[in-house]
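Here are the chains, one letter per residue:
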Amino acid sequence: MTPKTLIKVIGVLLIAAGILGLVYDTFSYTESTHEAQLGPLEFQVKEKKTVTVPQWVGIAAIIVGAGLLVVPMKSG
(Lines give C-alpha, C1' and ligand atoms only; values in the text may rest on other atoms or scores of the structure.)
Protein backbone atom coordinates (compact mmCIF):
# COMPACT_ATOMS: atom_id res chain seq x y z
CA MET A 1 0.00 0.00 0.00
CA THR A 2 1.45 3.35 -1.00
CA PRO A 3 1.64 6.23 1.49
CA LYS A 4 -0.93 8.20 -0.54
CA THR A 5 -3.39 5.31 -0.41
CA LEU A 6 -2.82 4.89 3.33
CA ILE A 7 -3.53 8.59 3.91
CA LYS A 8 -6.78 8.30 1.92
CA VAL A 9 -7.88 5.22 3.92
CA ILE A 10 -7.14 7.05 7.19
CA GLY A 11 -9.15 10.02 5.90
CA VAL A 12 -12.17 7.84 5.11
CA LEU A 13 -11.93 6.10 8.52
CA LEU A 14 -11.79 9.47 10.30
CA ILE A 15 -14.86 10.68 8.43
CA ALA A 16 -16.74 7.47 9.28
CA ALA A 17 -15.70 7.68 12.95
CA GLY A 18 -16.75 11.33 13.08
CA ILE A 19 -20.18 10.57 11.65
CA LEU A 20 -20.65 7.69 14.08
CA GLY A 21 -19.57 9.97 16.93
CA LEU A 22 -22.22 12.50 15.97
CA VAL A 23 -24.97 9.92 15.48
CA TYR A 24 -24.19 7.82 18.59
CA ASP A 25 -22.95 10.36 21.12
CA THR A 26 -22.47 7.73 23.86
CA PHE A 27 -21.32 4.13 23.97
CA SER A 28 -21.25 1.60 26.78
CA TYR A 29 -19.02 -1.32 27.62
CA THR A 30 -18.77 -3.84 30.45
CA GLU A 31 -15.59 -4.22 32.46
CA SER A 32 -14.79 -7.11 34.81
CA THR A 33 -13.39 -5.51 37.95
CA HIS A 34 -13.07 -8.35 40.48
CA GLU A 35 -12.94 -12.11 40.29
CA ALA A 36 -12.74 -14.61 43.14
CA GLN A 37 -13.02 -18.34 43.46
CA LEU A 38 -14.00 -19.95 46.72
CA GLY A 39 -14.03 -23.69 46.33
CA PRO A 40 -16.53 -24.63 43.63
CA LEU A 41 -18.09 -21.13 43.68
CA GLU A 42 -16.85 -18.45 41.35
CA PHE A 43 -17.64 -14.76 41.88
CA GLN A 44 -17.32 -12.01 39.31
CA VAL A 45 -18.14 -8.31 39.52
CA LYS A 46 -18.89 -6.59 36.24
CA GLU A 47 -19.24 -2.86 35.93
CA LYS A 48 -21.06 -1.16 33.05
CA LYS A 49 -19.37 2.04 31.94
CA THR A 50 -20.66 4.73 29.59
CA VAL A 51 -18.44 7.07 27.61
CA THR A 52 -19.78 10.32 26.14
CA VAL A 53 -18.21 11.55 22.90
CA PRO A 54 -18.28 15.37 22.66
CA GLN A 55 -19.75 16.81 19.45
CA TRP A 56 -16.58 18.77 18.70
CA VAL A 57 -14.58 15.50 18.53
CA GLY A 58 -16.88 14.12 15.83
CA ILE A 59 -16.79 17.38 13.88
CA ALA A 60 -13.00 17.59 14.19
CA ALA A 61 -12.61 14.00 12.94
CA ILE A 62 -14.77 14.77 9.89
CA ILE A 63 -12.81 17.95 9.11
CA VAL A 64 -9.41 16.27 9.47
CA GLY A 65 -10.55 13.26 7.42
CA ALA A 66 -11.89 15.51 4.65
CA GLY A 67 -8.66 17.48 4.75
CA LEU A 68 -6.66 14.31 4.22
CA LEU A 69 -8.80 13.45 1.19
CA VAL A 70 -8.85 16.92 -0.37
CA VAL A 71 -5.38 18.37 0.22
CA PRO A 72 -2.90 17.09 -2.38
CA MET A 73 0.27 15.44 -1.08
CA LYS A 74 3.68 16.45 -2.36
CA SER A 75 5.49 13.86 -4.42
CA GLY A 76 8.91 13.45 -2.91
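To keep things clear, this report deals only with the structure shown in the data block.

Parameters and conventions
- Residues numbered from 1 in each chain as written.
- Predicted model: local features only at pLDDT ≥ 70, side-chain atom pairs only at ≥ 80, totals over all residues.
- Heavy atoms only, no water.
- Helix = DSSP H or I, 4+ residues; strand = E, 2+ residues; numbered from the N terminus.
- Rg over C-alpha atoms; globule rule 2.2 N^0.38 Å.
- Buried < 20%, exposed > 50% of the residue type's maximum accessible area, 1.4 Å probe, protein only.
- Contact = heavy atoms within 4.5 Å.
- Lys, Arg positive; Asp, Glu negative; His and termini not counted.
- Charge placed at Lys NZ, Arg CZ, Asp CG, Glu CD.
- Pairing = 2+ DSSP bridges.
- Expected span 1.5 Å × (residues − 1).
- Arc of directions from axis to C-beta.

### Remarks on the overall build of the protein
Part 1 of the argument: Helix and strand content of the protein: two helices and two strands.
Part 2 of the argument: Each helix and strand of the protein, ordered N terminal to C terminal, gives the series α-β-β-α.
Part 3 of the argument: Taking 76 residues into account, the globule formula puts the C-alpha radius of gyration at 11 Å, and the protein, at 20 Å, lies well above it.
Part 4 of the argument: If one aligns the C-alpha atoms of the protein with their principal axes, the spans along those axes are about 65 × 30 × 15 Å.
Part 5 of the argument: In the protein, which comprises 76 residues, the proportion classed as buried is 9%.
Part 6 of the argument: Summarising the internal contacts of the protein: among those between residues at least 6 apart in sequence, 58% fall at separations of at least 24.
Part 7 of the argument: Charge separation in the protein, taken as the distance between the mean sites of 6 positive and 5 negative side-chain charges, equals 22 Å.

### A look at the pairing of strand S1 (residues 26-38)
Part 1 of the argument: Here S1 pairs with strand S2 (residues 41-52) via 12 bridges, running antiparallel. The residue of S2 that forms the bridge with Tyr29 is Lys49.
Part 2 of the argument: Between S1 and S2, which follow one another and run antiparallel, lie two residues, and Gly39 among them has a positive phi close to 65°.

### Overview of helix H1 (residues 3-23)
Part 1 of the argument: For H1, with 21 residues, the first-to-last C-alpha span of 30 Å sits near the 30 Å given by 1.5 Å per residue.
Part 2 of the argument: Every buried residue belonging to H1 is among Gly11, Gly18 and Gly21, and all of these are buried. All buried residues of H1 fall inside an arc of 95° around its axis, so they share one side. Along H1, exposed side chains directed more than 90 degrees from the buried face belong to Leu13 and Val23.

### Here we look at helix H2 (residues 55-70)
Because an α-helix completes one turn every 3.6 residues, residues spaced three or four positions apart along the sequence face the same direction.
Part 1 of the argument: For H2, built from 16 residues, the straight-helix expectation of 22 Å at 1.5 Å per residue is met to within 8% by its first-to-last C-alpha distance of 23 Å.
Part 2 of the argument: Among the residues of H2, those classed as buried are Gly58, Ala61 and Gly65. Buried residues of H2 fall within an arc of 60° about the axis and therefore sit on the same side. Exposed residues pointing more than 90 degrees away from the buried face of H2 are listed as Gln55, Trp56, Ile63 and Val70.
Part 3 of the argument: Buried residues belonging to H2 abut H1.

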